[in-house]
Amino acid sequence: MQKPFVRPYLTTHSLQPENQESPIEFISGRRVGNSLFYRRNHFAYPSLSASAYWLPVNGSVSSPRLYSLTELMNLPSRTVTAVLECAGNKRSLFEPKTFGEQWEKGAVSQGSWKGVPLASLLEGAGIRNGAAEVIFGGYDFGERTDSDEVYSFTRSLPLEKALHPDTLVAYEYNGKPIPFKHGFPLRLIVPQWYAMASVKWLKSITVADAPFTGPFQTIDYVYYPHREKDEGAAPVTKLHVNSSIRHPLDGQILQTGSHPVKGIAWTGKGKIEKVEVSTDGGENWKEARLESPAASGYEWQPWVYDWKAGKGEYTLMSRAYDTHGRVQPASPFWNRKGYGYHAIDMVSVKVE
Ligand SMILES: Nc1nc2c(c(=O)[nH]1)N[C@H]1C(S)=C(S)[C@@H](COP(=O)(O)O)O[C@H]1N2
Ligand SMILES: [Mo]
């Protein structure tokens, strides 16, 4: 008899707007297929047509430009394989609770993006002296819970990050046109930053002389260390060093014997240097083996630790280090909006 075909699927948090996470425990490989890529949206999907699509590059530039898709695709391109992680990934683990989508460990995915370096477009338009930032508008829009005004999803980057050669205006994902839900036809890709920076359905690119103050820049995606006051606020930018255990699953019951503890680790600075695993709740740590070292620091690093399990109940933990001396802390950096969770990862298992 033919075996039924079973496969993982996304975990739904909300449908309007669509927010679903990747079954990260059941994915392997460098490039997540688009049906298993997490989906994070603030608004309903926009309607737009590729045939009437033009991308303006304007603002504080000497020669504003309007690009057709064909023109863009004929420019020299670059491909980067990069982790995209939602700033709210693992929010559900914060104690005390923080509000927003209660992501578990799957608001993270990766794959390869092909596009034109944003720097070429900006240089083509001629950035004027005094420019500070570049603002990216998306086609999607709607009301926020905190106001009756209608906003589009709009974000900015400091000039330096905008000019980085790997910051792309992408038009392909894993060798095909970007799937609609992930930003077709053009999406900004900002490696090493939390994924709110990677604006989907790009509508406009505008060079600005002053810092952008839209709500997705100055209300959301800001670390507020205190519940009641805004003191110490800092923008969410680069990914923290982080790791997730993929196997075994939390709560799993295992037989005694050999069990590889497997997972991924990633960072927004340099590369993953080392991953350690503890099988005794953090008392002792052993180095995990890094599998086929990642080609670039933008990718997650798969790792494995060969565990011989005797009878008992265990808390397994993983702790990643990057080449900038950053390490996952034992307890998370709590912040009011629940961004950037990156404490040591853990799962509990029973061996019988
Ligand atoms: N235009 C637009 N771009 C966007 C968003 C959005 O709601 N609208 N969400 C951002 C956030 S917070 C994340 S985590 C990623 C999610 O990308 P994905 O849905 O392709 O996984 O897109 C970013 N870019
Ligand atoms: Mo996000």
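Calculation rules
Residues numbered from 1 in each chain as written. Chains lettered and ligands numbered in written order. Predicted model: local features only at pLDDT ≥ 70, side-chain atom pairs only at ≥ 80, totals over all residues. Heavy atoms only, no water. Buried < 20%, exposed > 50% of the residue type's maximum accessible area, 1.4 Å probe, protein only. Helix = DSSP H or I, 4+ residues; strand = E, 2+ residues; numbered from the N terminus. Pairing = 2+ DSSP bridges. Polar contact = N/O pair within 3.5 Å; in protein donor to acceptor, adjacent residues only side chain to side chain. Contact = heavy atoms within 4.5 Å. Near = heavy atom within 4 Å. Areas by Shrake-Rupley, 256 points an atom, 1.4 Å probe, with all protein chains shown as cover. Nonpolar A, V, L, I, M, F, W, Y, C, P; charged D, E, K, R; others polar.

Draft legend 1. How the structure looks around the pairing of strand E23 (residues 312-322). Counting buried positions over the 11 residues of E23 gives 8, a clear majority of the element. Here 6 bridges tie strand E19 (residues 272-278) to E23, and the two strands are oriented antiparallel to one another. Counted as the bridge partner of Ser278 is Met317 from E23. Note that E23 and strand E24 (residues 345-351) share 7 bridges and pair antiparallel. For Gly312, the partnering residue across the bridge sits in E24 and is Val351.

Draft legend 2. Here's a closer look at the side chain of Asp220. Relative to the assigned elements, Asp220 resides in the loop between helix H4 (215-218) and strand E14 (222-223). Judged by relative accessible area, Asp220 falls into the buried class, the value being 13%. A polar contact is formed between the side chain of Asp220 and the side chain of Arg144, at a distance of 2.8 Å.

Draft legend 3. Geometry of the environment of Ser152. For Ser152, the location among the structural elements is in strand E9 (residues 150-158). When the C-alpha positions of Ser152 and Glu231 are compared, they lie 28 Å apart, and in sequence the two are 79 residues distant. When neighbours within four sequence positions are excluded, Ser152 is seen to be in contact with Phe43, Gly138, Asp140, Phe141 and Phe216. In terms of polar contacts, Ser152 uses its side chain to reach the side chain of Thr154, at 2.8 Å.

Draft legend 4. Structural detail: the site of ligand 1. The immediate surroundings of ligand 1 are formed by 18 residues, with Tyr38, His42, Asp140, His182 and Lys200 found nearest. Here Arg187 contributes a side-chain N or O atom positioned 2.8 Å from an oxygen atom of ligand 1. In this structure, Lys200 approaches ligand 1 through a side-chain N or O atom, which is 2.6 Å from an oxygen atom. Calculation on ligand 1 without its partners gives an accessible area of 530 Å², and the protein chains cover 100% of this total. For the shell around ligand 1, the class distribution of residues is 9 nonpolar, 4 polar and 5 charged.

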